[in-house]
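# Structural features, examined
Here is what each chain is made of, one letter per residue.
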Amino acid sequence: MDPVATDIWIAACAHELHRRWRTVDPEQLDELASDLWRDERLRALPPATAAVEWLAPVAYEPGSSKMR
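My aim in this report is to walk through the structure given alongside it, one point at a time. (Residues numbered from 1 in each chain as written. Predicted model: local features only at pLDDT ≥ 70, side-chain atom pairs only at ≥ 80, totals over all residues. Heavy atoms only, no water.)

## Examining the environment of Ala-11
- You can see Ala-11 is positioned in helix α1 (residues 6-20).
- Of the residues examined, Ala-11 reaches a relative accessible area of 44% and is grouped as partly exposed. (Helix = DSSP H or I, 4+ residues; strand = E, 2+ residues; numbered from the N terminus. Buried < 20%, exposed > 50% of the residue type's maximum accessible area, 1.4 Å probe, protein only.)

This is how it looks when you write it as structure tokens:
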């Protein structure tokens, strides 16, 4: 699989962050996605997976009374 271009990875990651975290300004999510891209471990993941992974410590599981 070819690596994803940096700008495409960041845009896709920001989109996924926005899908899951709508209360944050999209420009801030773009900046956050850029920061996530700088993390070698997250950059190795598909962008949507990286976003989910980064949000995991505060993710709410529907139907549950607790966070993940």
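## Remarks on the nonpolar core
- Of all hydrophobic cores here, the largest spans 14 residues; its most connected members are Trp-9, Cys-13, Leu-17, Leu-29, Leu-32, Ala-33 and Leu-36.
- Elements that contribute at least two residues to this core include exactly α1, α2 (26-38) and α4 (47-55).
- It is α1 that contributes the most residues to this core, five residues altogether.
- Residues within four places of Trp-9 in sequence aside, it is in contact with Val-4, Ala-33, Leu-36, Trp-37, Leu-42, Arg-43, Leu-45, Pro-46, Pro-47 and Ala-50. (Core = buried A, V, L, I, M, F, W, Y, C linked by side-chain atoms within 4.5 Å. Contact = heavy atoms within 4.5 Å.)

## Points about a negative patch on the surface
- There is a patch of like negative charges on the surface, built from Asp-25, Glu-27, Asp-30 and Glu-31.
- The topology assignment puts Glu-27 in helix α2.
- Given the relative accessible area of 59%, Glu-27 is considered exposed. (Patch = residues over 30% accessible without salt bridge, like charges linked within 9 Å, V, L, I, M, F, W, Y side chains within 5 Å. Areas by Shrake-Rupley, 256 points an atom, 1.4 Å probe, with all protein chains shown as cover. Salt bridge = Lys/Arg side-chain N within 4 Å of Asp/Glu carboxyl O. Lys, Arg positive; Asp, Glu negative; His and termini not counted. Charge placed at Lys NZ, Arg CZ, Asp CG, Glu CD.)

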